[in-house]
Amino acid sequence: MPAESRQQVTAKRATARVFFALWPSAESAGELGQIAREAAARFGGRATRPESIHLTLAFLGNVPEARLPALLAVAAAVSAEAFTLSINRLDFWAHNHLLWAGCSAPPAQLAELVSTLCEALRVAGFKTGRAGGEFSPHVSLVRRVPAGAVSSADCPLPVGTLRWPCSRFVLVRSQLSATGSNYRIIGEFPLAGESRG
Ligand code: 2AM
């Protein structure tokens with residue numbers, strides 16, 4: 001095969017691992033990162049670095065790079081309201097050894113954003129999420145917590161309620177490496193109005 005057409009074939013096959021997320025301010029990420037470090041020191045496992053802390057709205061997995069402009073256009077056309085998350089609890093999923101933070105009462109606007117975004121993606125031919133899985137809003141703080149290390153799940157956040165104003169959502173590209181995932185924001189999309197909640 002001539003070198004040029006081999007390059008063209010490679011370019012066509014290139015994919016990007018991507019997901020849509022809410023990204024915290026540096027301040028909120030710092031506070032959640034501190035909680036993650038303390039929990040990892042206590043229970044074991046790997047704390048999420050502050051710069052990687054996020055809440056996933058829709059996970060797409062590997063998408064052809066050639067489809068990224070279409071993906072950005074779908075998200076740019078989504079109209080949804082701004083809101084504020086009140087992160088106030090820690091919980092643990094034994095099946096994937098994940099300690100996470102969440103809200104006891106997620107705002108209705110969060111579910112609306114996710115359903116509007118996922119429907120727009122579906123119409124545009126993009127597949128999202130875990131097969132058959134419900135959307136469970138969570139912020140992953142410690143991965144690979146050893147089995148049996150966490151005895152009581154669902155406790156209040158040690159710092160009380162953390163307010164996370166959400167006035168935009170983002171498209172993130174994930175690069176897997178030996179030390180974990182590196183994330184890069186490749187698109188930002190505003191939410192309408194003031195972040196309330
Ligand atoms: P997790 O934190 O619960 O592992 C980047 O990997 C982000 O996408 C993470 O927030 C991760 O969730 C989420 N993610 C990874 N694979 C996923 C899948 N198959 N379905 C839904 N979300 C996924």
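Residues numbered from 1 in each chain as written. Predicted model: local features only at pLDDT ≥ 70, side-chain atom pairs only at ≥ 80, totals over all residues. Heavy atoms only, no water.

A.B. asks: What's the story with the site of the ligand in this structure? I'm lost.
C.D. replies: Around the ligand, the surrounding shell holds 12 residues, and the nearest of these are His-54, Thr-56, His-138, Ser-140 and Arg-143. Here an oxygen atom of the ligand sits 2.6 Å away from a polar atom, N or O, in the side chain of Thr-56. Between an oxygen atom of the ligand and a side-chain N or O atom of Arg-143, the distance comes to 2.7 Å. In isolation the ligand exposes 480 Å². Once the protein is present, 82% of that is buried. Listed by contribution, the elements that provide at least two residues to the shell around the ligand are β1 (15–22), β3 (55–64) and β7 (139–143). When its residues are assigned to classes, the shell around the ligand shows 4 nonpolar, 5 polar and 3 charged. (Near = heavy atom within 4 Å. Polar contact = N/O pair within 3.5 Å; in protein donor to acceptor, adjacent residues only side chain to side chain. Areas by Shrake-Rupley, 256 points an atom, 1.4 Å probe, with all protein chains shown as cover. Helix = DSSP H or I, 4+ residues; strand = E, 2+ residues; numbered from the N terminus. Nonpolar A, V, L, I, M, F, W, Y, C, P; charged D, E, K, R; others polar.)

A.B. asks: Would you mind showing me how to read the sheet that holds β7 here?
C.D. replies: Backbone-to-backbone hydrogen bonds pair the strands of a sheet. The strands run either parallel or antiparallel. Strand order in the open sheet formed by 5 strands is β2-β7-β6-β5-β8, and the pairing between neighbours is antiparallel. This sheet does not close on itself; its edge strands, each paired only once, are β2 (46–47) and β8 (155–156). By the bridge criterion, 2 bridges tie strand β5 (residues 89–93) to β8 in an arrangement that is antiparallel. Within the sheet, the bridge partner assigned to Leu-90 lies in β8 and is Cys-155. Contacts from helix α2 (residues 26–43) reach β2, β5, β6 (98–102) and β7 within the one sheet, and its direction differs from that of β7 by about 30°. (Pairing = 2+ DSSP bridges. Contact = heavy atoms within 4.5 Å. Axes fitted to C-alpha atoms, helices over the stretch in contact; angles between N-to-C directions.)

A.B. asks: So what exactly am I meant to see when it comes to the pattern of salt bridges here?
C.D. replies: Side chains that carry opposite charge are capable of pairing whenever their charged atoms lie near each other. Counted according to the given criterion, the structure contains 6 salt bridges. Glu-119 is the partner of Arg-122 in a salt bridge, and the nearest nitrogen-oxygen pair spans 2.9 Å. Of the two residues, Arg-122 and Glu-119 are both situated in helix α4 (residues 108–123); the distance of 3 residues between them amounts to about one turn of the helix. Judged by relative accessible area, which is 54%, Arg-122 ranks as exposed. Owing to a relative accessible area of 39%, Glu-119 belongs among the partly exposed residues under this scheme. Glu-188 is the salt-bridge partner of Arg-168, the closest N and O atoms lying 2.8 Å from each other. With Arg-168 in strand β10 (residues 168–177) and Glu-188 in strand β11 (residues 180–190), this pair connects stretches of sequence that are 20 residues apart. (Salt bridge = Lys/Arg side-chain N within 4 Å of Asp/Glu carboxyl O. Buried < 20%, exposed > 50% of the residue type's maximum accessible area, 1.4 Å probe, protein only.)

A.B. asks: Got a minute to help me understand unusual backbone geometry in this structure?
C.D. replies: Leaving glycine out, the prevailing phi sign among residues is negative, and the prevailing peptide bond configuration is trans. Phi at His-97 is positive, roughly 55°, even though this residue is not glycine. For Arg-144, which is not glycine, the phi torsion reads 55° and is therefore positive. In this structure, Arg-144 sits in the loop between β7 and β8. The class of Arg-144 is exposed, set by a relative accessible area of 61%.

A.B. asks: Any chance you could explain the sheet that holds β11 here in plain terms?
C.D. replies: An order of β3-β1-β10-β11 is seen for the 4 strands of this open sheet, with the pairing classed as antiparallel. The open sheet has two edge strands with one neighbour each: β3 and β11. Within this sheet the neighbouring strands show an average axis-to-axis angle of 25°, counted without direction. Here β1 pairs with β3 via 8 bridges, running antiparallel. Within the sheet, the bridge partner assigned to Leu-22 lies in β3 and is Leu-55.

A.B. asks: Could you clarify how one ought to interpret the environment of Ile-53 in this entry?
C.D. replies: Summarising the element assignment, Ile-53 is placed in the loop between β2 and β3. Taking relative accessible area as the criterion, Ile-53 reaches 0% and is therefore assigned buried. Separated by 88 residues in sequence, Ile-53 and Leu-141 have C-alpha atoms that sit 7.4 Å apart. With near-sequence residues (within four places) excluded, Ile-53 lies in contact with Trp-23, Pro-24, Ala-29, Leu-32, Gly-33, Thr-48, Val-139 and Leu-141.

A.B. asks: Explain the layout of surface pockets here, please?
C.D. replies: In this approach the atoms are scanned with a rolling probe the size of a water molecule, which exposes any empty space left behind. Counted as a void, the second largest pocket has a volume near 260 Å³. Secondary-structure elements contributing two or more residues to the lining of the second largest pocket are α2 and β5. The dominant element in the lining of the second largest pocket, judged by the number of residues it contributes, is α2, at 5 residues. Along the lines of polarity and charge, the residues of the lining of the second largest pocket split into 11 nonpolar, 2 polar and 4 charged. (1 Å grid on protein atoms, 1.4 Å probe; cavity = no way out; pocket = protein on both sides within 12 Å on 5 of 7 lines; lining within 4 Å. Points joined across faces, edges and corners; volume = space filled by probe spheres on them.)

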